[in-house]
Amino acid sequence: MNNLWKSAWVIGGSTGLGAELVKILTAAGIETYVSARDKDRLKVLCGQFSDAKSYPLDITDKAACIRAVDEINKIKNTLPDLIILNAAVYYPMDIENFNALEISDMMNVNFLGIANMFEALLPYRKSRGGNVTIATVTSPSGWRGLPGAIGYGSSKAAVINMMESMKPELDRCGFDLRVVNPGFIKTRLTEKNNFQMPQLMEPNEAAKLTLKGLSTKNFDTSFPNPFLYYLKLLRILPYTLFFRLMKKINQQRNKP
Ligand SMILES: NC(=O)c1ccc[n+]([C@@H]2O[C@H](COP(=O)([O-])OP(=O)(O)OC[C@H]3O[C@@H](n4cnc5c(N)ncnc54)[C@H](OP(=O)(O)O)[C@@H]3O)[C@@H](O)[C@H]2O)c1
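Residues numbered from 1 in each chain as written. Predicted model: local features only at pLDDT ≥ 70, side-chain atom pairs only at ≥ 80, totals over all residues.

> Sorry if this is basic, but what is going on with the nonpolar core here?
A general tendency of soluble globular proteins is for nonpolar side chains to be buried together. Membership of the largest hydrophobic core comes to 61 residues, with the highest contact counts inside it found for Ile 11, Ile 84, Leu 85 and Met 117. Considering each element in turn, this core owes the most residues, 8 residues, to helix α4 (residues 100-121). For Met 117, the residues in contact, after removing those within four places along its chain, are Ile 11, Ile 59, Cys 65 and Leu 85. (Core = buried A, V, L, I, M, F, W, Y, C linked by C-beta atoms within 7 Å. Buried ≥ 20, exposed ≤ 12 C-beta atoms within 10 Å, placed from the backbone. Helix = DSSP H or I, 4+ residues; strand = E, 2+ residues; numbered from the N terminus. Contact = placed C-beta atoms within 7 Å.)

> Before we go on, may I ask you to explain the site of the ligand in this structure?
In the vicinity of the ligand lie 30 residues, with Gly 12, Gly 16, Arg 37, Asp 38 and Ala 88 positioned nearest. Going through the elements one at a time, α1 (16-27) and α4 are the ones with two or more residues in the shell around the ligand. Top element by residues in the shell around the ligand is α1. It accounts for 3 residues. (Near = placed C-beta within 6 Å.)

> I keep staring at the packing of α1 against helix α6 (residues 203-215) and nothing clicks. Help me out?
When two helices pack together, you describe them by how their axes are tilted relative to each other and by the distance separating the axes. Axis separation between α1 and α6 bottoms out at 8 Å; the angle between their running directions is 65°. Crossing angle aside, the handedness with which α1 passes α6 is right-handed. Contacts between α1 and α6 involve Gly 16, Leu 17, Glu 20, Leu 21 and Ile 24 on the former and, on the latter, Pro 203, Asn 204, Ala 206, Ala 207, Lys 208, Thr 210 and Leu 211. Of the residues in the contact of α1 with α6, the class split is 7 nonpolar, 3 polar and 2 charged. (Axes fitted to C-alpha atoms, helices over the stretch in contact; angles between N-to-C directions. Left-handed = near helix turned anticlockwise from the far one by under 90°. Nonpolar A, V, L, I, M, F, W, Y, C, P; charged D, E, K, R; others polar.)

> Would you mind showing me how to read the sheet that holds strand β5 (residues 132-137) here?
Within a beta sheet, neighbouring strands are joined by backbone hydrogen bonds and run either parallel or antiparallel to one another. Taking strand neighbours across the sheet as the criterion, the 7 strands line up as β3-β2-β1-β4-β5-β6-β7 in an open arrangement whose pairing is parallel. Since the sheet does not close on itself, it has two edges, and those belong to β3 (52-54) and β7 (220-223), each with one partner. Going from strand to strand, the sheet's axes swing by 20° on average, the running direction of each strand aside. In this sheet, β7 lies alongside strand β6 (residues 175-182) in parallel orientation, the contact comprising 4 bridges. Opposite Pro 182, over in β7, you have Phe 223 as the bridge partner. Where helix α5 (residues 152-171) meets the sheet, its contacts fall on β5 and β6, and the angle it forms with β6 comes to roughly 155°. (Pairing = 2+ DSSP bridges.)

What follows is the structure, encoded as structure tokens:
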């Protein structure tokens, strides 16, 4: 681990990728605040690491996000050096199980929850001397519309787009924005998938690659390769080729 960060805050840090990030950060002696909704799970996780501090938070509650940012800033007299906005929910969705309520839930947590956190963080953008790295964990399903990811992909596309819009302005104000786009990770989120997931990663491996990417100066951290190289190529494919390929993938997904 580099010595870029003395303190961190992982929002959505109680399970899966987030919990592994907390383990690695605290093992490196980095004081780490950990947020999620489930207080009991947070308590158990943070009880294992002396440098982990539990801070329950539901990011769909804007007032609670503002309170959390203000309180953590007050305790430390500054924001943590690294803030990872990792919280999200996921419902696999295709046309057969299209559900506007589930889409609303995904948009609420995955996009509007992140917007709530930014509204809470932005007032501190000029008051901090050094840089705060703020990373959102998004997804390659936000790059182009993929079969089976209706709603989830839209919520991640919205976050990536918002981060791109904000980066140039925030570069000048001490906020260093990043996006992290992992492939498939073995967590409770992907337990819902009933298809073969290429290059499925263990959460610990994904957490290491996340922090390795955040230690560089790159805006985008995407892994694992070569899977993510192929997905990146989809971004530049013309629609005729793109839809031909997606139809094939859809047929594969629907094979009994
Ligand atoms: N797993 C994958 O293959 C994969 C691939 C690409 C991207 N991602 C992204 O990676 C991130 C981590 O996913 P994961 O697979 O590790 O899933 P996970 O195990 O379900 O973790 C999600 C975390 O977010 C928290 N969370 C959910 N809703 C929240 C809310 N309203 N407020 C605060 N915290 C909330 C959860 O805790 P509570 O439920 O207690 O709140 C949990 O700590 C997500 O952003 C996901 O979209 C995952």
